[in-house]
Amino acid sequence: MRQLSETDRDAIRIAQDPAYARWLAQITATGGCAHPIHLTGSTTTRDVTTGEILHRYDTRDEPGERLSVRCRNRRTTVCAPCSRLHAADTFHLIRAGLLGGKTVPATVRNRPRLFVTLTAPSFGPVHHTGDRCRPRRDGGTCGHGRRLGCGAIHASTDLLVGQPLCGDCYDYPAHALWHAHAGKLWDRFVIGVRRHLASSVGLAQSRFSDHARLSFARVAEYQKRAAVHVHAVVRLDGPGGPDDEPPAWGTAARLADSVHATVRRVLVCTPYSPAIGELDLCWGQQFDVRPLSSDGTGPDDDAVAAYVAKYVTKGAGETGAGLDHQVTWDDFDAATVTPHVRSLMRTCWRLGGLPEYAPLRLRAWAHTLGYRGHILTKSRAYSTTYAALRAERAGHRGTHADSLPGTVTDAHWRYTSSGHSPGAALLAASVAEELATNREVARLELAAGESERPGASFK
Ligand SMILES: [Zn+2]
Ligand SMILES: [Zn+2]
Ligand SMILES: [Zn+2]
């Protein structure tokens, strides 16, 4: 046993425990979560009239007298199994808003629906991929003596891509403040689209909600230049939401017109600062509006849902824009980020010290470069919720304490600790790997079945 590592010895100790089978079942139920939460407590279900105990669950009967549940972290770098589940939930959440399902009626697929991408404006020239990068015949240098052009063809893996041509010319305060106001820019955008729709059909703006309802789900993504851009599904329903048909004037073309007109008009003014002044923030000139048609001519709805779901598993750290944890001034030098991102984090820290920007909490959000929104945001009527999807899954597993009529359930739960011992982490990782392999095999089998269908090859 002496040659074995600490981790291996720990894993063997767990596997030899008489309660190992039950322990493994718990870990499998968490999907092999890398950082499970451990709880102690009990749930008792009684018959209201007779007082008879119909069901009782107590962690005193479990290995280690505790129950392990998922950490539910959305980031792959923190917990791969939970992030996969979160991505799957996001996929279903977005898809239900596009095609129906999960309590959303299938008629939503015939509503005016758009896939909209909004970007940040330019805060200074950066190196880019594709064709020749910023060619300039006349050469020339900026006030800091750096070349104004580049002329190279950068591969997408080139570390220069997204970095400014001159870090001293780049408007870091505007970039950080734009991130800090991105949520507000989005809110103003949604209000603006509603207003434009109302006035385009001669409705008083205050009456819009009597006639139609605008729903959306949006996801934020960091670009190479470390600026967030936004992908959103926008849908127009009747005043009652998903169950209600929009009025005759509510067409995809009119909705698209209103989006086009509004993107250019949205303006958010930063609080006055003696050091920075007052900045007028807007969306970038580059934006994209695509109608999602139900006749199969536009982008595929499933592809759109998958595209959105992909982004929610990425943390700021994984995309190379920022870090996954909070930082302080002393961390900036050692952080494994590009000089551009480091400058942005430092700018957030500096601006965060100014009293006029205190409400923006730029220091607490320096690691995400000032952006403090959620990665996924949706309006209430868009579709189902993460909580409903989790409850449905729990119901499928048979662990959900259904409140049957005539019964009462009494539950007492307490958090005890979280995480795995080294051996348990090793075993959980292999459970997660096995589950992932099973899923992949099932997917391939399904795909093989599809291709055997007559006519499938003509699609
Ligand atoms: Zn987890
Ligand atoms: Zn370049
Ligand atoms: Zn310069």
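The rules we used
Residues numbered from 1 in each chain as written. Chains lettered and ligands numbered in written order. Predicted model: local features only at pLDDT ≥ 70, side-chain atom pairs only at ≥ 80, totals over all residues. Helix = DSSP H or I, 4+ residues; strand = E, 2+ residues; numbered from the N terminus. Buried ≥ 20, exposed ≤ 12 C-beta atoms within 10 Å, placed from the backbone. Axes fitted to C-alpha atoms, helices over the stretch in contact; angles between N-to-C directions. Parallel < 35°, antiparallel > 145°, perpendicular 65-115°, else oblique. Left-handed = near helix turned anticlockwise from the far one by under 90°. Contact = placed C-beta atoms within 7 Å. Nonpolar A, V, L, I, M, F, W, Y, C, P; charged D, E, K, R; others polar. pLDDT = per-residue confidence, 0-100.

An unreviewed UniProt entry annotates the protein chain as Replication initiator of Streptomyces atriruber.

> Looking at this structure, how should I read the overall build of the protein chain?
Per the secondary structure count, the protein chain includes 11 helices and 11 strands. Reported as C-alpha extents along the three principal axes, the dimensions of the protein chain are approximately 80 × 65 × 55 Å. Counting every position in the protein chain, which comprises 459 residues, the buried fraction comes to 32%.

> Can you help me understand the packing of helix H5 (residues 182-200) against helix H7 (residues 252-263) in this one?
Helix packing geometry: the angle between the two helix axes and the distance between the axes. At a minimum axis separation of 9 Å, H5 and H7 run at an interaxial angle of 125 degrees. If you check the angle between H5 and H7, you find them oblique. Relative to H7, the crossing made by H5 is right-handed. Together, Phe-189, Gly-192, Val-193, His-196, Leu-197 and Ser-200 of H5 and Arg-254, Ser-258, Val-259, Ala-261, Thr-262 and Val-263 of H7 make up the contact between the two elements. Among the residues forming the contact of H5 with H7, the class breakdown is six nonpolar, five polar and one charged.

> Explain the confidence of the model for the protein chain to me, please; I cannot follow it from the model alone.
Regions with low pLDDT should not have their predicted coordinates read in detail. Chain-level statistics for the protein chain give a pLDDT mean of 86 and a share of 91% at 70 or above. Averaged pLDDT values over the elements of the protein chain bottom out at 72 in helix H10 (residues 386-397) and peak at 97 in helix H4 (residues 172-180). A low-confidence stretch, residues 452-459 (pLDDT under 50), is modelled with two contacts involving residues beyond four sequence positions or located in other chains.

> Help me understand the environment of Ser-5, please; the structure alone is not making it clear to me.
Position of Ser-5 relative to the elements: it lies in the segment before helix H1 (6-16). Considered as a pair, Ser-5 and His-175 are 170 residues apart in the sequence and their alpha carbons are 48 Å apart.

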